[in-house]
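Tertiary structure, described
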Amino acid sequence: MNVSQAEFQNMKEEIVKDLIARLMDERGLTMQQAFDAVYTSRLFLKLSDPKTGLYFQSSGYVYSFLESELKGNEEIEGL
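This structure is a prediction, so every number in the text was calculated from the model and none was measured.

A few words now on the side chain of K12. Along the chain, K12 turns up in helix 1 (residues 5–27). The side chain of K12 is buried and forms no salt bridge, while E13, the nearest opposite charge, is found at 6.7 Å. Not counting the four nearest positions on each side in its chain, K12 is found in contact with F44, L47 and S48.

Structural data, given as structure tokens:
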């Protein structure tokens, strides 16, 4: 399915917003720590590439990859 660049950006931003909120809630991170964790992650690089299709997934699904990355697992490499 093709989406415009603006639609892609909006979908990505919604997921990022959810990831940040979840990190703050579940891990007790400050907003700055949560922003840093998301924007410096390998997951964010994958999320920023429309070819991966991650922007179509639920934020819970995407969060599972971020959580795995933060725990030091390599699951994200397979995306």
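Let us keep going from here.
A few words on a nonpolar patch on the surface. Among the surface-exposed residues, M31, F35 and Y39 lie close enough to one another that they form a single nonpolar patch of about 300 Å² accessible area. You can see F35 is positioned in helix 2 (residues 31–39).

What follows deals with the packing of aromatic side chains. The full count for this structure, using the stated rule, is five aromatic pairs. Where Y39 meets F44, the ring centres are 4.8 Å apart and the plane angle is 70 degrees; that geometry is what we call edge-to-face. Both rings, one in Y61 and one in F65, keep their centres 5.0 Å apart while their planes meet at 80 degrees; by these two values the pair is edge-to-face. Of this pair, Y61 and F65 both sit in helix 4 (residues 59–70), four residues apart, roughly one helical turn. A network of ring pairs unites the aromatic residues F8, Y55 and F56 as a single cluster.

Below, the discussion takes up the environment of S64. Residue placement: S64 occurs in helix 4. For the pair S64 and L19, spaced 45 residues apart in the sequence, the C-alpha separation amounts to 9.8 Å.

Further remarks concern helix 2. For helix 2, the complete set of buried residues consists of A34, A37 and V38. For helix 2, the angular spread of the buried residues around the axis is 95 degrees, confining them to a single face. Residues of helix 2 that are buried make contact with helix 1, helix 3 (42–47) and helix 4.

Okay, helix 4 next. The terminal C-alpha atoms of helix 4, which comprises 12 residues, lie 16 Å apart, in line with the 16 Å expected from a rise of 1.5 Å per residue. Turning to helix 4, its buried residues number three or more, namely V62, Y63, F65, L66, S68 and E69. For helix 4, the elements touching its buried residues are helix 1, helix 2 and helix 3. G72 sits one or two positions beyond helix 4 and adopts a positive phi of about 95 degrees.

Calculation notes
- Going along each chain's sequence as written, the residues are numbered from 1 onward.
- Local features in this predicted model are restricted to residues of pLDDT 70 or higher, and side-chain atom pairs are both shown and tallied only at a pLDDT of 80 or more, whereas totals for entire chains, interfaces and linings draw on every residue.
- Side-chain numbers here rest on the full set of heavy atoms in the structure, without hydrogens or water.
- Note on conventions: DSSP H or I runs of at least 4 residues are helices, E runs of at least 2 residues are strands, and numbering of each starts at the N terminus.
- Accessibility here uses a 1.4 Å probe with only protein chains present; expressed as a share of the type maximum, an area under 20% marks a residue as buried, one over 50% as exposed, and anything in between as partly exposed.
- By the counting scheme adopted, Arg and Lys are positive, Glu and Asp are negative, and His together with the chain ends is not counted.
- Counted as salt bridges are all cases of a side-chain nitrogen of Lys or Arg within 4 Å of a carboxyl oxygen of Asp or Glu.
- Contact criterion: two residues are considered in contact whenever any of their non-hydrogen atoms come within 4.5 Å of each other.
- Patch membership requires over 30% relative accessible area and the absence of a salt bridge. Like charges are linked within 9 Å, and nonpolar side chains (Val, Leu, Ile, Met, Phe, Trp, Tyr) within 5 Å.
- Surface accessibility follows the Shrake-Rupley procedure with a 1.4 Å probe radius. Residue values consider only the protein chains on display as shielding.
- Centres within 6.5 Å are what make two rings of Phe, Tyr or Trp a pair, Trp counting through its six-membered ring; a difference in plane orientation under 30 degrees is then read as stacked, over 60 as edge-to-face, and the rest as tilted.
- Summarising the geometry, the arc corresponds to the directions from the helix axis toward the C-beta atoms.
- A helix is expected to span 1.5 Å multiplied by its residue count minus one.

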